[in-house]
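Okay, here's what each chain looks like letter by letter:
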Amino acid sequence: MMMNIPLTLSAMVEHAEKYFSKKEIVSRTASGITRLTYGESGKRIRRLSSALTMLGMKQGDRIGTFAWNHHRHLEAYFGIPGIGGILHTINIRLSPNHISYIINHAKDKALLIDAELLPLIEKVKDELTTVEAFIIMTDEKTLPETTIENVYHYEQLIEQADDRFELLTNIDENAPAGMCYTSATTGNPKGVVYTHRAIVLHCMALGLADSAAISESDVAMPVVPMFHVNAWGLPFAALWFGTTQVLPGPMVTPTILAELIEQEGVTITGGVPTIWMALLKELDTGKYDTSSLRAVLCGGAAAPKGMIRAFESKHKIPFIHAYGMTETSPLVTFSRLKSYQSDLEEEDRLEVRSKQGYVVPGVDMKVMGPNGDVKWDGKEMGELLLRGNWVADEYYQDERTDEAFRDGWLHTGDVVTIDEEGSIKIVDRTKDLIKSGGEWISSVDIENALMTHNSVFEASVVAIPHDEWQERPIACVVLKDEMKGKVTKEELLAFLKPQFVKWWIPDDIVFMDEIPKTSVGKFLKRALREQLKKQMNTTT
Ligand code: ADP
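Residues numbered from 1 in each chain as written. Predicted model: local features only at pLDDT ≥ 70, side-chain atom pairs only at ≥ 80, totals over all residues. Heavy atoms only, no water.

## Points about the site of the ligand
By nearness alone, 17 residues border the ligand, and S183, A322, T326, D414 and K522 come closest of all. For the ligand, a nitrogen atom lies 2.8 Å from a polar atom in the side chain of Q356. The side chain of D414 places a nitrogen or oxygen atom 2.5 Å from an oxygen atom of the ligand. Taken by itself the ligand offers 570 Å² of open surface, and the protein chains cover 92% of this. Among the elements that make up the shell around the ligand, the one with the highest residue count is strand β14 (residues 319-324) (4 residues). Looking at side-chain class alone, the shell around the ligand contains 6 nonpolar, 8 polar and 3 charged residues. (Near = heavy atom within 4 Å. Polar contact = N/O pair within 3.5 Å; in protein donor to acceptor, adjacent residues only side chain to side chain. Areas by Shrake-Rupley, 256 points an atom, 1.4 Å probe, with all protein chains shown as cover. Helix = DSSP H or I, 4+ residues; strand = E, 2+ residues; numbered from the N terminus. Nonpolar A, V, L, I, M, F, W, Y, C, P; charged D, E, K, R; others polar.)

## Focus: the nonpolar core
M12, F78 and F236 are the most contacted members of the largest nonpolar core, which totals 87 residues. Among residues more than four places away in sequence, those in contact with M12 are F78, V200, C203, F236, L239 and W240. Among the nonpolar cores identified, the runner-up in size contains 53 residues, and V246, L350, A475 and I509 belong to it. (Core = buried A, V, L, I, M, F, W, Y, C linked by side-chain atoms within 4.5 Å. Buried < 20%, exposed > 50% of the residue type's maximum accessible area, 1.4 Å probe, protein only. Contact = heavy atoms within 4.5 Å.)

## Some words on the environment of A295
Relative to the helices and strands, A295 is located in strand β13 (residues 295-298). Considering only alpha carbons, one finds A295 and T269, 26 residues apart in sequence, at a separation of 6.6 Å. Among residues more than four places away in sequence, those in contact with A295 are T267, I268, T269, P318 and I320.

## What to know about unusual backbone geometry
Omega for the bond connecting S329 with P330 falls within 30 degrees of zero, at 10°, which places this linkage in the cis form. Position of P330 relative to the elements: it lies in the loop between β14 and β15 (331-334). In the Ramachandran plot, N230 falls in the positive-phi region, its phi being about 50° despite a non-glycine side chain. When you line up the elements, N230 lands in helix α8 (residues 229-232). Of the residues examined, N230 reaches a relative accessible area of 3% and is grouped as buried. If you check the backbone angles, Q397 has positive phi at about 40° while not being a glycine. Positionally, Q397 belongs in the loop between β19 (382-388) and α14 (401-404).

## Examining the sheet that holds strand β9 (residues 190-195)
Taken in spatial order, the 7 strands line up as β7-β6-β5-β3-β4-β8-β9 in an open sheet, and their pairing is mixed. Lying at the two open borders of the sheet, with one neighbouring strand each, are β7 (151-153) and β9. On average, adjacent strands in this sheet sit at an angle of 25° to one another, irrespective of strand direction. As judged from the 3 bridges shared by strand β4 (residues 86-89) and strand β8 (residues 176-182), these two strands associate in the parallel manner. Bridging from a neighbouring strand, L87 pairs with G178 of β8. Packed onto the sheet, helix α7 (residues 196-207) meets β8 and β9 and runs at close to 75° relative to β9. (Pairing = 2+ DSSP bridges. Axes fitted to C-alpha atoms, helices over the stretch in contact; angles between N-to-C directions.)

Given below as structure tokens:
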């Protein structure tokens, strides 16, 4: 038999303090760049734990954060679980109704809030039923003026606290350490609770050579917000592994990102495709040296082939497509060529790498079609089911649990094909699939094809109701600025025709200035469908 030592976040802090006390956190806040070593950060984490205890917070309490990516948020990532508390990262882009809903639903006892985001909390303060303390994170010496009571200054609070506070390591590794709500397309957001054990195992998976391979020698910059699936677990793994981390702070622009990459020598970064699309435009100015980058991780929505090609061929930046969800911590698949695929032709390699890839060790999957498991032929479509040690098995106190978690599997709502290598390709979400004449059309495939056209900046394809065929696809296209007015619908349709069977070709193409997006930058197809419906009603 072997020892059984609880896997905890506090043990990760102790490790970083012991072995990486000289390594750095580079944090961009409202007033500029702060640099802290893991030695200093460890002390501040302990001070935060101590301060929270002084405020009366106890094991099992939920404590919310409402903040951008910076060093204080990182301290909360460990300082809250350090007292056995539960770090509840709140998505700052949710509607006020949803913000108050999730704070009340989680029963947050305290909130750690960025000063510049305070107005958003002031808006909902009268709805909040459980919060006893509002702790403001700011570089300023004094608190901002506010209508909220029970307000504390983060720095003053931790200043008075104990920098040798003992973090809890001897707790049940299955105790909750964090929680995050995922935006539901209908109804209220659904909560996912992460255990210490799940977070630690997920970090190990991020370190695997065939996943993100995060190591001490990296300089990691999570662009994905720390309020969205724990910034994909990158801040946890980076601290544990002694990786230098660059936290890019509030109101990130492509210019800020490009400058940070160059100045700090970022080697690995992660974010959603819309961020990388915008960064590409900035890099096209040719002003930046990005040669330090060894991996741009992209997930949260499908990475268009054209974007992968632009990063790799034009800018010589290795690009990695990955897939996951809030319910899965999020790491599920990485799209990597297997060793025996290395002699594939350039285009075939790109084809493989633009799929979502195969599951990392530790996650198990199956794909269920209407008649059971689908064939691994890259053609038959079915719903992706997942299980694993960092996959949730329920929504937090939510009756929608039974829909998604059945027979030991998470039913993802993602429709995929799977090829003979086990590599999945997301063809749609169940609710976005286009059902035309009893057959399925993948909106994602058509979008990706359109986005390879050199005039197209973004494209989103949705279903509209059709008398004869039940549903038909319509493509909404945003042209690149310099191509506006120079390309016609007919040209784009002609571009699609050789690539698809006839009935997949959209009935129409609608040019738009912008495609509505979710709080985390994904196409908001529900809003798009409504917009189209309205436009069609006014034209008929
Ligand atoms: P939300 O459900 O609020 O959009 P998540 O971040 O949990 O937030 O989203 C997970 C979903 O995002 C997945 O179920 C899938 O539909 C989509 N997704 C994630 N990664 C990819 C990817 N690489 N390609 C296509 N879709 C993706």
